[in-house]
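Coordinate inspection notes
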Amino acid sequence: MKKTLLLLTTLLILSCQPATEPKVPDEEIISTLKESSVELQDAILEKNEEVFKKYVDNNINFSTGDSNLSKFYNMNLVRLNEEQKAVWNNFELYDINVDLSPNSQTAVLTFYARGSYTVEEGEPINYSTRGSSVWVSTKNGWKIMHSNWAPLEGGTGIPK
């Protein structure tokens, strides 16, 4: 009788424990974040609200600093839809590196970007920067918290 009671008590305790989701392999997280960062940047350049909202959570402040080295600001739907001085001819993120926190819930991405843009009717300006971003894992997927851009050594950022 004692053994049965002990077994039932153990089963009851185990059944009350929250179910843990299987851990996603770090390689899969890294691959997802690389794709997500490119997709988000494309959404920003294309002013694609649907994709933007996929990676930007209203409950998480997304602060950013542009490659023109102006002050940091909050990136949101209002900023997404503001008229920009630069018209992009092409843009590419490359050499994306992902470093995960020990619990794989936070990630820091470092990367480079290149391309060209035009201001008004001017000549194309070559763009060359380095950047970084911080992403956090949420119940709704990976969301960006912060990004920072700066001209790559000898490079040009966006206009002020």
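Scroll up for the structure.
None of these values were measured; they are calculated from a predicted model.

**Notes on the packing of aromatic side chains**
Within the structure shown, the criterion is met by nine aromatic pairs. Between F111 and W149, the ring centres sit 5.1 Å apart and the planes meet at 65 degrees, which makes this aromatic pair edge-to-face. Taken together, the residues span a long stretch of sequence, with F111 in strand β4 (residues 106–119) and W149 in strand β6 (residues 141–151) at a distance of 38 residues. Residue classification places F111 among the buried residues on the basis of a relative accessible area of 4%. Note on W149: relative accessible area 10%, which makes it buried. Put simply, the rings of W88, F91, F111, Y117, Y127 and W149 touch in pairs and so form one group of aromatic residues. It is R79 that lies over the ring of Y73; its NZ or CZ is 3.6 Å from the centre.

**Regarding the sheet that holds strand β5 (residues 125–138)**
In space, the six strands of this open sheet follow the order β2-β1-β6-β5-β4-β3, with mixed pairing throughout. Looking at strand neighbours, the two that pair on one side only are β2 (73–74) and β3 (86–100), the edges of this open sheet. One ladder, built from ten bridges, connects β5 with β6; its direction is antiparallel. Paired with S133 across the bridge in β6 is S147. Contacts from helix α2 (residues 26–46) reach β3, β4, β5 and β6, with the element oriented near 160 degrees to β3.

Quick notes on the rules
Residues numbered from 1 in each chain as written. Predicted model: local features only at pLDDT ≥ 70, side-chain atom pairs only at ≥ 80, totals over all residues. Heavy atoms only, no water. Phe/Tyr/Trp six-rings, centres within 6.5 Å; stacked < 30°, edge-to-face > 60°. Helix = DSSP H or I, 4+ residues; strand = E, 2+ residues; numbered from the N terminus. Buried < 20%, exposed > 50% of the residue type's maximum accessible area, 1.4 Å probe, protein only. Lys NZ or Arg CZ within 6 Å of the ring centre and 35° of its normal. Pairing = 2+ DSSP bridges. Contact = heavy atoms within 4.5 Å. Axes fitted to C-alpha atoms, helices over the stretch in contact; angles between N-to-C directions.

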